[in-house]
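Close look at the chain arrangement
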Amino acid sequence: MKHDKDEWENLLRRALAPSEKPSETINRRILQQASEEKRMRQHKTYRKLIPAAAAALMLAAGFTAYAAWNYRNAGEIAGRIGDEKLSGAFAKEDTARNADGVSAAESQTYGGYTATFLGLLSGDSLSDYAFTAGGKLHSDRTYCAVAIQRADGSALSQGEEDFFVSPLIGGLNPALYNAASLFGSYAEFAEDGILYRLLECDNISCFADHALYLCVSDTAFYDGSLYRWDEASGTITRNTDYQGLNALFTLHIDPALADPVKAQELIDAADTAARELSETPALPSSVEEAMAWAAALTPETIADSCVRMENTVQTCSVDADGWFALQPWLVNEAVSDTRGGGGVKAQLSTCFDGPGTVIEGYNCSEGMEDLVITTLTLSDDNTVTFAAWVPKDVSIYLR
Amino acid sequence: MTKQELASYIETYGGDLYSFCRYLTRDRTEADELYQDTWLKVLELSGRVDSDRNIKGYCLSVALKLWKNRKRKFAWRKRIAPVRTLSDEADAAYPDGAASSEDAVLRREEIFLIRQAVNELPEKLKTVILLHYMEEMSLAQIAEMTHVSYGTVKSRLYHARQYLKKRWEEMSDET
């Protein structure tokens, strides 16, 4: 079979055109895990660089609640994480406030940590960076700077402990409406044993006619047991019985900035985001059932309900270093989507405590019909026997 | 990146990425794991990714990086390509089972032999061949993704082509 250059190129392209498809099950599993990962990392997403053209004018809605002298100030923190525009905005507000007399930084010490509220600034396009979610740019944001340090003076390093920093809104359930649901993210760094965190979320100034708070806790997420929410009055208070860090600062934002229409939009967006997160596609019940069924099998009972696929059985010896190597295997070559494994080299000690049979693993894509269970048996003569098993009667591999 | 965006990317690029993973790993189980890990890594890094960039190219580069790390981490594992029958391999070229008349011109044996030869390639050459012919990436894009010079990519592609042609002719003579 001879081909000229063009034909050969064409042949390569045709032969290598993507032809493999992932199973529906694996795609569902990815989306399911993505939802779990998203919950875990909701507050750790670093911000995207905003295209220069989209950087709009800074509005005069900025407001600084506090500035501090014992720590890096909010502007310095923003500068340290590379957000010069936000740094300048904080500095400008600090200067304006300073003329009126800057309040001292407010610190609270609980559970061996001191949390210090260093500043708050809200406004549109205040940052060099933009936060996007769902393909939508969130430029109208609130930024909060806090410092956290150990009360005993020992150094705290970045990532060493979990902390949750979030604005809370009086009248709204804090478990549902916090930095996570307000499209929050943060950047942080440690310096001189002090952890500095700059949190951002959608602009909460529109809630200025509510009581507004900032919580700082030693948890990864909002934990309802650390704060008390009085549904009747809408007030949020610390749970004084909690032994760890559950600081709660009161935010002072000009009530004139309240905007009930915009506030409702934020609530609706948070509700939508929460609903999306809860709509996790489940694995098909047939897969769940098959996996549960396989999990209940033991080496002693597997032969009662499964058939050993003799074509997969192979026995190998263990080398002087305790390794054994399995050759490639397929459950049933006649089945188009047959399951199998590559040659695997494994160490004896990681598989066995002593002679006997262990269930190495099991998996399926659809359910009982394509479930495959694999076993390894260590014999007294120090050989290892591998076998694949399929459920009796229902398996496609038995047809 | 929202779950909906991820689902949309999986819908659009899932097949391309999975095919790449299958060839890279030469094993269905490994490919499943790499494919899954790649999407989760892409999601994890989405906050640092410019949404305007080439998503498919980005996913492929993440898969490649994960595969290299995985091989380093599990260096003791020696995966061997599962043996598949000729008909299985050829059928895979026509997943819907209905090849068009144009497709039918290409004989199944040719497809099978080329795929077999690709799987024999050293990984550096195989990566370039897959990115160029399977994923339709330019040499410049491959150079950027694999962190080697344009000239190196060109050279690897040349050597890979030469090897494939030689092996294909040898194998087709045998059959």
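Residues numbered from 1 in each chain as written. Chains lettered and ligands numbered in written order. Predicted model: local features only at pLDDT ≥ 70, side-chain atom pairs only at ≥ 80, totals over all residues. Heavy atoms only, no water.

Things to note about the overall build of chain B
In terms of regular secondary structure, chain B is built from nine helices and zero strands. In chain B, the succession of α and β elements from N to C terminus is α-α-α-α-α-α-α-α-α. Per-residue burial over chain B gives 51% buried out of 175 residues. Considering only residue pairs separated by 6 or more positions, chain B has 65% of its internal contacts joining residues 24 or more positions apart. Carbon and sulfur atoms make up 49% of the accessible area of chain B, which totals about 8500 Å². (Helix = DSSP H or I, 4+ residues; strand = E, 2+ residues; numbered from the N terminus. Buried < 20%, exposed > 50% of the residue type's maximum accessible area, 1.4 Å probe, protein only. Contact = heavy atoms within 4.5 Å. Areas by Shrake-Rupley, 256 points an atom, 1.4 Å probe, with all protein chains shown as cover.)

Here's the deal with the sheet that holds strand β10 (residues 212–217) of chain A
Two modes of strand pairing occur in sheets, parallel and antiparallel, and in both the strands are linked by backbone hydrogen bonds. Residue and element names in this part refer to chain A. The strand order β7-β10-β13 describes an open sheet built from three strands, whose pairing is antiparallel. On the outer flanks of this sheet lie β7 (164–169) and β13 (246–251), each paired with one strand and no other. On average, each strand axis in the sheet is inclined to that of its neighbour by 20°, with strand direction left out of account. (Pairing = 2+ DSSP bridges. Axes fitted to C-alpha atoms, helices over the stretch in contact; angles between N-to-C directions.)

Details of the environment of Gly-234 of chain A
Residues and elements named next belong to chain A. Here Gly-234 is to be found in the loop between β11 (227–229) and β12 (236–238). For Gly-234, a relative accessible area of 5% gives the class buried. Along the primary structure Gly-234 and Asn-173 are separated by 61 residues, whereas in three dimensions their C-alpha atoms are 8.0 Å apart. Not counting chain neighbours up to four residues away, the residues in contact with Gly-234 comprise Gly-170, Gly-171 and Trp-229.

A closer look at a negative patch on the surface
A surface patch of like charges, here negative, comprises Glu-24, Glu-366 and Glu-369 of chain A together with Glu-11 of chain B. Along the chain, the position of Glu-369 of chain A falls in the loop between β19 (356–363) and β20 (372–378). (Patch = residues over 30% accessible without salt bridge, like charges linked within 9 Å, V, L, I, M, F, W, Y side chains within 5 Å. Salt bridge = Lys/Arg side-chain N within 4 Å of Asp/Glu carboxyl O. Lys, Arg positive; Asp, Glu negative; His and termini not counted. Charge placed at Lys NZ, Arg CZ, Asp CG, Glu CD.)

Describing the pattern of salt bridges
Residues and elements named next belong to chain B. The final tally for this structure, using the stated rule, is 14 salt bridges over all chains. Salt-bridge contacts for Glu-135 lead to Lys-56; the nearest nitrogen and oxygen are separated by 3.4 Å. With Glu-135 in the loop between α7 (123–134) and α8 (139–146) and Lys-56 in helix α3 (residues 55–73), the pair connects residues that are 79 residues apart, well separated along the chain. Look at Glu-135 and you get buried, because its relative accessible area is 2%. Taking relative accessible area as the criterion, Lys-56 reaches 16% and is therefore assigned buried.

What about the confidence of the model for chain B?
Residues and elements named next belong to chain B. On average, chain B scores 72 in pLDDT, and the residues at 70 or more come to 69%. Averaged pLDDT values over the elements of chain B bottom out at 36 in helix α4 (residues 86–92) and peak at 90 in α7. Across residues 73–106, confidence stays below pLDDT 50; counting only partners more than four residues off in sequence or on other chains, it has 56 contacts. Across the interface, the model reports ipTM at 0.74; the global pTM reads 0.44. (pLDDT = per-residue confidence, 0-100.)

Digging into the packing of α7 of chain B against α8 of chain B
Residues and elements named next belong to chain B. Contact geometry of α7 with α8 gives a least axis separation of 10 Å together with a crossing angle of 135°. By the angle between their directions, the pair α7 and α8 is classed as oblique. When you trace α7 past α8, the crossing you get is right-handed. Residue-level inspection shows Thr-127, Val-128, Leu-131 and His-132 of α7 in contact with α8, the latter providing Leu-139, Ile-142, Met-145 and Thr-146. Within the contact of α7 with α8, the residues separate by chemical class into five nonpolar, three polar and no charged. (Parallel < 35°, antiparallel > 145°, perpendicular 65-115°, else oblique. Left-handed = near helix turned anticlockwise from the far one by under 90°. Nonpolar A, V, L, I, M, F, W, Y, C, P; charged D, E, K, R; others polar.)

Section: the state of the cysteines
All names here are of chain A. For the coordinates displayed, the defined rule picks out zero disulfides over all chains. Residue Cys-144 stays outside any disulfide, its sulfur separated by 6.2 Å from that of Cys-201, the closest cysteine. Residue classification places Cys-144 among the buried positions, given a relative accessible area of 1%. (Disulfide = S-S within 2.5 Å.)

A closer look at helix α6 (residues 285–295) of chain A
All names here are of chain A. Among all positions in α6, only Val-287, Ala-290 and Ala-294 are buried. Buried residues of α6 fall within an arc of 65° about the axis and therefore sit on the same side. In this structure, the buried side of α6 is in contact with β19 and β20. (Arc of directions from axis to C-beta.)

Considerations on the packing of aromatic side chains
All names here are of chain A. Summed over the entire model, instances satisfying the criterion amount to eight aromatic pairs over all chains. Judged by centre distance (5.9 Å) and plane angle (35°), the ring pair of Phe-117 and Phe-249 falls under tilted. In this pair, Phe-117 sits in strand β3 (residues 113–124) while Phe-249 sits in strand β13, placing the two residues 132 residues apart along the sequence. Phe-249 shares its class with Phe-117; the two are buried. (Phe/Tyr/Trp six-rings, centres within 6.5 Å; stacked < 30°, edge-to-face > 60°.)

Describing the environment of Cys-364 of chain A
Along the polypeptide, Cys-364 of chain A turns up in the loop between β19 and β20. Each C-alpha atom, one on Cys-364 of chain A and one on Met-291 of chain A, is 7.7 Å from the other, the two residues being 73 residues apart in sequence.

Notes on the nonpolar core
Ranked by size, the top nonpolar core spans 59 residues in total, and within it Phe-20, Tyr-35, Trp-39 and Ile-129 of chain B carry the most contacts. Here this core gathers at least three residues from each of two domains, domain 1 (3–73) and domain 2 (86–174) of chain B. By size, the runner-up hydrophobic cluster in this structure holds 35 residues, among which are Ile-148, Val-165, Leu-172 and Leu-199 of chain A. (Core = buried A, V, L, I, M, F, W, Y, C linked by side-chain atoms within 4.5 Å. Domains from an automatic or database assignment.)

Let's talk about the pairing of strand β8 (residues 185–191) of chain A
All names here are of chain A. Counting buried positions along β8 yields six of seven residues, so the element is predominantly enclosed. Both β8 and strand β9 (residues 194–202) contribute to a ladder of seven bridges, which runs antiparallel. Bridging across to β9, Phe-189 finds its partner in Tyr-196. Turn length for the β8-β9 hairpin, with the two strands adjacent in sequence and antiparallel, is two residues, and the turn residue Asp-192 shows positive phi of about 55°.

Some words on the pairing of β7 of chain A
Residue and element names in this part refer to chain A. With respect to burial, β7 is a largely interior element, six of its six residues being buried. On β7, burial covers both faces: Phe-164, Ser-166 and Leu-168 on one face and Val-165, Pro-167 and Ile-169 on the other are all buried. Relative to β10, β7 runs antiparallel, the two sharing six bridges. Along β10, the bridge assignment pairs Ile-169 with Leu-212.

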